[in-house]
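What follows is the residue order along each chain.
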Amino acid sequence: MSKMKLAFIDFSGCFALSCSTCPCGFCAWCLKDCDGDAHAHVLTCPENHSGDYHGTFKQFEKHHDDRKTRLIDDKLKEAERTQNPYVAAITLKLLQTDIQGTDVSPTYKPSVTDDDIANNSTGGGGGGESNEKWKIKPLIDDKRNHLKIYKLDYNYNSVDVSRETSELNICGGHFCRLVKQNQSIIKFIEVIEYDQSSIVRKQYDDRKKANPNSKEIWVFHGTNPHNIPKIIENGFKVGGQEVGIVNGAAHGSGVYTATGPNTPMGYSQGGGIILSKGLLCTSQDHSTPVHDYVIFKNADQLLPYCVVYT
């Protein structure tokens, strides 16, 4: 395994790279750590397209775009084969945001559709991307509001194909991929599962059906800890319309969210932050004024999925 801890962004043309802070030498084609001088390996590297020590930066970029595409395809096919097709399809959807605007273009085609995912999810609303059954009992079983909450300790280290593992991978993985800190800051996750009778889920599903071309994204929301149960039970509310404005409305009214967790964590007051599904239906029903903010004009454009506690 490579000892390198620093990223590199360019080079002089020689594919035998060396580190400016340690004796490491590695190959710019396959990224192998050669311990010291990498020149001997570069000439015989099976991924060397030039047959020489040198190549152009354009060659380097194309090679690694192709390499990333191949690795993503391999991992998605493996996920479909060893776990289930829903895991692979959902992972591909999550990756689309990261690779948008690049030349990384996975060729993998999911064997299930978006409708299959929605119709075969055990929960279907909020938490429920996994097609597996829960093994643990719910922390809260709120029959009045037609929802259950499952508490998952982030130290849970099972590799079983299970609902618990799938939800930790989705919720914790999405948080850790975007947060600017180490993933060990997560303590536990509470996954929300709404049943078919939940008004929160019904309002979201109705808006989604009314806007078949809408785009669904993941967003985070930070708030005072005592507001979290209210949001889970009754859904989000638009500040200044349905509830009072607490943290200002510098960019207009709406439910303030962000695609990354860092800004919402600043509003959580040491509690959890809510990961939700968000619907982008028209250019008028949301705004993206600064940074990674997404402000939703309507509360039913959001469906709480889980709460991440750090």
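See the structure shown above.
Thresholds applied
- Residue indices follow the written sequence of each chain, beginning from 1 at its first position.
- Given that the model is predicted, a residue must reach a pLDDT of at least 70 before its local features are reported, and side-chain atom pairs must reach 80 or more before they are shown or counted; all residues, however, enter totals for whole chains, interfaces and linings.
- Hydrogen atoms and water are omitted, and side-chain values are computed over all heavy atoms in the structure.
- Helix and strand labels come from DSSP, where a helix needs a run of H or I of at least four residues and a strand needs a run of E of at least two; each type is numbered from the N terminus.
- A helix is expected to reach a length of 1.5 Å times the quantity of its residues less one.
- Only protein chains enter the accessibility calculation, which uses a 1.4 Å probe; a residue whose area is less than 20% of its type maximum is buried, one above 50% is exposed, and one in between is partly exposed.
- Whenever a carboxyl oxygen of Asp or Glu lies within 4 Å of a side-chain nitrogen of Lys or Arg, that contact is scored as a salt bridge.
- Axis lines are fitted through C-alpha atoms, for helices just across the contact stretch, and the angle between N-to-C directions can take any value from 0 to 180 degrees.
- Oblique is the label for every angle not falling under 35 degrees (roughly parallel), over 145 degrees (roughly antiparallel), or within 65 to 115 degrees (roughly perpendicular).
- By the convention used here, residues are in contact when the closest approach between their heavy atoms is within 4.5 Å.
- Note that Gly is not counted as nonpolar here; it falls among the polar residues with everything else outside the nonpolar set of Ala, Val, Leu, Ile, Met, Phe, Trp, Tyr, Cys and Pro and the charged set of Asp, Glu, Lys and Arg.
- The pairing criterion for strands is at least two bridges between them, as found by DSSP.

### Let's talk about helix α3 (residues 85-99)
So, step 1. Between its first and last C-alpha, α3 extends 21 Å over 15 residues, near the 21 Å set by a 1.5 Å rise per residue.
So, step 2. Those residues of α3 not exposed but buried are Y86, A88, A89, I90, L92, L94 and I99.
So, step 3. The first or second residue beyond α3 is G101, which carries a positive phi of 85°.

### Thoughts on the pattern of salt bridges
So, step 1. Applying the stated criterion across every chain, the model contains nine salt bridges.
So, step 2. Across the pair E47 and R67 runs a salt bridge, and its minimum N-O distance is 3.6 Å. Of this pair, E47 sits in the loop between α1 (39-44) and α2 (57-82) while R67 sits in helix α2, and the two are 20 residues apart along the sequence. The residues E47 and R67 share a single accessibility class, namely buried.
So, step 3. Of the charged contacts in the structure, one is a salt bridge between E167 and R163, with a shortest N-O distance of 2.8 Å. Taken together, the residues span about one helical turn, with E167 and R163 both in helix α5 (residues 163-178) at a distance of four residues.
So, step 4. R163 gets classed as buried once you look at its relative accessible area, which sits at 0%.
So, step 5. A single salt-bridge network, built from bridges that share partners, covers R163, E167 and E193.

### Quick word on the packing of α2 against α3
So, step 1. Contact pair α2 / α3: the axes reach a minimum separation of 7 Å and the direction vectors enclose 150°. Between α2 and α3, the interaxial angle falls into the category roughly antiparallel. Between α2 and α3, the contacting residues are I72, L76, A79 and E80 on the first element and P85, V87, A88, T91, L92 and L95 on the second.
So, step 2. Along the lines of polarity and charge, the residues of the contact of α2 with α3 split into eight nonpolar, one polar and one charged.

### Topic: the pairing of strand β6 (residues 188-194)
For a regular strand, side-chain orientation follows a simple rule: the groups alternate between the two sheet faces.
So, step 1. β6 sits mainly inside the fold: six of its seven residues count as buried.
So, step 2. The pairing of strand β5 (residues 147-153) with β6 spans seven bridges and is classified as antiparallel. Within β6, the residue paired with D153 across the bridge is F188.
So, step 3. For β6 and strand β12 (residues 302-309), the ladder comprises four bridges, and the chain directions are antiparallel. The residue bridging F188 from the neighbouring strand is Y309, located in β12.

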